[in-house]
Amino acid sequence: MTTKHTVTLIPGDGIGPEVIDATRKIIEASGVAIHWEIRHAGASVFKQGIESGVPEETIESIRKNRIVLKGPLETPVGFGEKSANVTLRKLFETFANVRPVSEFEGVPTPYSGRKLDLVVIRENVEDLYAGIEHMQTPDVAQCLKLISRPGCEKIMRYAFEYARMEGRKTVHCATKANIMKLTEGLFKKVFEEVSKDYPDIEANHIIIDNCCHQLVKKPEQFDVIVTTNMNGDIMSDLTSALVGGLGFAPSANIGHNAAIFEAVHGSAPKYAGKNVINPTAAILSGVLMLKYLGELDAAVRIEAAVRKTWASANSKTRDIAGDSISVSTTEFTANVISHLAPAGQPKPRPGRVDTGKIVENLKSSSAVGRVDGADVFVEFKGSASELGAIMERCGESTAMKLKMISNRGTKVYPGRTDTACVDHWRCRFVNRNGKEISDRQIYDLLYRITDAKLKWVHIEKLQLFDGKAGFTKAQGED
Ligand code: NAD
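Figured I'd write up the structure that's included with this text. (Residues numbered from 1 in each chain as written. Predicted model: local features only at pLDDT ≥ 70, side-chain atom pairs only at ≥ 80, totals over all residues. Heavy atoms only, no water.)

### Description of the sheet that holds strand β10 (residues 224–227)
Think of a sheet as strands paired side by side through backbone hydrogen bonds, with each pair either parallel or antiparallel. Taken in spatial order, the 10 strands of this open sheet run β2-β1-β3-β12-β11-β4-β5-β10-β8-β9, and their pairing is mixed. At either end of the open sheet lies a strand with only one pairing partner, and these are β2 (33–38) and β9 (202–207). The average undirected angle you get between the axes of adjacent strands in this sheet is 25°. As paired elements, strand β11 (residues 250–254) and strand β12 (residues 259–263) share 5 bridges and run antiparallel to each other. Paired with Ala252 across the two strands is Phe261, which belongs to β12. Sheet contacts for helix α4 (residues 84–91): β1 (4–10), β3 (67–70), β4 (96–102), β5 (117–123), β11 and β12; angle to β12, the most-contacted strand, approximately 155°. (Pairing = 2+ DSSP bridges. Helix = DSSP H or I, 4+ residues; strand = E, 2+ residues; numbered from the N terminus. Axes fitted to C-alpha atoms, helices over the stretch in contact; angles between N-to-C directions. Contact = heavy atoms within 4.5 Å.)

In C-alpha cells, the structure reads:
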C-alpha cells in the first residue's frame, strides 16, 4: 500500500451510488490506500428541508479533506432550491472545471480513428451561474451575467499552466465577445493579456458558435479550449458525444482550497439501480483525482485497464452495445480490475497545477469610474411614444436629458421601429452639462419618474472608466 489519503465521498443520486461504487472498488484494487469519509448532498438532503442541498457535516468534511469524489446530484428544476452542485463549486471556489475527452478503442463513433484528445476548461463559478435572477416586471425575467477580471485571469492562467503540465501545444479561447462585448469581451481580453506570459503555447480566440461547428467538423484541431461557464457547460456535453457520449466524460473541479472530482453526466434517474450504466466517466474522474493526489502510477494503470476493457470484444455497457450483448455495470467493473497491471514505478510527471501561484498574484484594474448618466428601467404598458413624452418631461430642467428608450435592447424612441414591445423599458438619461452626475441628481430624476406615476424597477449607472464607456449601446442607438 502507498500513502494514505482521506477523501470525502459523496455517492450522489440516481446512478451515482453505482458509478461511485465501481470507481471506489477499482481504486482500492489498484493498491492506493484511501480512507473514504462518506457524506451526503443532493436529493436526500433537499428532502430534509436543507435548501442548499449540502448539509453542514458535508461542508466540514470537504473543508478538512479538501478532496471530494462525488456522484451526480439531482437538481430540482424551476423554482425553490438551488443546485447542490453549483453550491459546492461556489462554496469551495473551484474555479476551474477540467473536462478531458479522448478516443476509446472499441467505442465506435463517427470520429473513430481520428485520435481525438482534447480538454475543455470551463470557468466554474461566474457568468450566468452567479444565480442572480429577478422578475423585473410581470412579463420579464432577468439573469445577471457577471464576469470579473480576477476570475478571468485565474481560469486563463489555469488553462495555460494545465496545457504546459500536459505537454499540450494550443489553447483556444471560445467566447461570444462579438455580441457581449463587455462580459465575454473581458474574458477574451484577459486571455489575450495572459497568453503573452506563455509564448511556448499557441493561443487562438474563436467565436463559440464557430467553435461548436468546428468541433463537429474537425475536432482534432483542438487541444485545450478555455471558455465561460455556460458555454463550457453546453460545449462539454458536445465534446463527450464525440468520443461515445456522457458515459465517457470525466471532470475535475479545481480550486485552491478544494478539488471535486465527478463525471460530467447527471443522475440518469431512469437507469438508477438497474446495474446497466457505463461507469467509465466516474472511473476516469477517479483517475484525475489520483493524478491530483500524486498517485500517478495507479492513475496510469487504471486508465490503461479501462482502455483495455473497452478494447476487448465482450465488455461493453448498454449505452454502446445495446441491450442484448452488453455487460452490466458490475461486470464491467470486474473486467477493469482484471485488466489492472501490477504496480510499477510512478511516472515522473506532475499531475497537479500549482494553484497557489495562480491565486496569489491576480491583478485588478486601477481604472476609476465616473458617472455620466443613468439607465432607468420602468414597467409600462403603452406605446414607446407615450412613454417617451413622459420621460422627456421627467428629464426637463434636471442634470440629465432623455437620450433614448429601448425595449429588449432595441431603440424604440425617438424614431420608429417594428420591435414588439413588452412591459419592460430601458430609458437612457445622459449628462446635460458635462459634469459628473451625482447620486442626488439620480434620486431627483427617480422622484420625478415616481411623481409621473411610472413604476421604475431597476436602475443602472452609466459609468466611464478612465474615459471609456462601461456600458454598451442599444441596437439602433447612435
Ligand atoms: P443525465 O446526464 O443524467 O442524462 C442524459 C442522458 O445521458 C440520458 O439519456 C442518460 O441515460 C444518459 N447517461 C448519463 N450518464 C450515463 C452513463 N453513465 N451511462 C450511460 N448513459 C448515461 O442528464 P439529465 O437527464 O439532464 O439530468 C438528470 C439529473 O441529473 C438532473 O436532476 C440534473 O440536474 C442532474 N445533473 C447533475 C449533474 C452533476 O451532479 N454534476 C450533472 C448533470 C445533470
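### Focus on the environment of Val306
Following the sequence through the fold, Val306 ends up in helix α10 (residues 296–311). Since its relative accessible area comes to 0%, Val306 is described here as buried. When the C-alpha positions of Val306 and Met230 are compared, they lie 30 Å apart, and in sequence the two are 76 residues distant. Those residues in contact with Val306, other than ones at most four positions away along the chain, are Phe104, Thr280, Ile283, Leu284 and Val336. (Buried < 20%, exposed > 50% of the residue type's maximum accessible area, 1.4 Å probe, protein only.)

### Quick look at the site of the ligand
Of all residues adjacent to the ligand, which total 20 residues, the nearest are Leu73, Asn85, Gly266, Ala268 and Asn278. For the ligand, a nitrogen atom lies 3.1 Å from a polar atom in the side chain of Glu262. Separating an oxygen atom of the ligand from a backbone N or O atom of Ser267 is a distance of 3.0 Å. For the shell around the ligand, the class distribution of residues is 9 nonpolar, 6 polar and 5 charged. (Near = heavy atom within 4 Å. Polar contact = N/O pair within 3.5 Å; in protein donor to acceptor, adjacent residues only side chain to side chain. Nonpolar A, V, L, I, M, F, W, Y, C, P; charged D, E, K, R; others polar.)

### A closer look at the packing of aromatic side chains
Within the structure shown, the criterion is met by 9 aromatic pairs. The interplanar angle of 55° and the centroid separation of 4.9 Å between the aromatic rings of Phe248 and Trp310 together place this pair among those described as tilted. Highlighted residues: Phe248 in the loop between α8 (229–242) and β11 and Trp310 in helix α10, separated in sequence by 62 residues. Each member of the pair, Phe248 together with Trp310, is buried. Members of the aromatic cluster, connected to one another through ring pairs, are Phe104, Phe248, Trp310 and Phe332. For the cation-ring pair, Arg122 lies above Tyr129, with the distance from its terminal atom to the ring centre recorded as 5.2 Å. (Phe/Tyr/Trp six-rings, centres within 6.5 Å; stacked < 30°, edge-to-face > 60°. Lys NZ or Arg CZ within 6 Å of the ring centre and 35° of its normal.)

### Regarding the nonpolar core
Within the largest apolar cluster, 85 residues are counted, with the highest numbers of intra-cluster contacts made by Tyr158, Val226, Phe261 and Met289. Broken down by element, the residue count for this core peaks at 9 residues, all from helix α5 (residues 149–166). In terms of domain composition, this core takes at least three residues from each of domain 1 (1–95 + 243–351) and domain 2 (117–240). Non-local contacts of Phe261, meaning those with residues more than four positions away in its chain, are made with Ile67, Val68, Leu69, Lys70, Ser251, Ala252, Ile254, Ser285, Leu288, Met289 and Tyr292. (Core = buried A, V, L, I, M, F, W, Y, C linked by side-chain atoms within 4.5 Å. Domains from an automatic or database assignment.)

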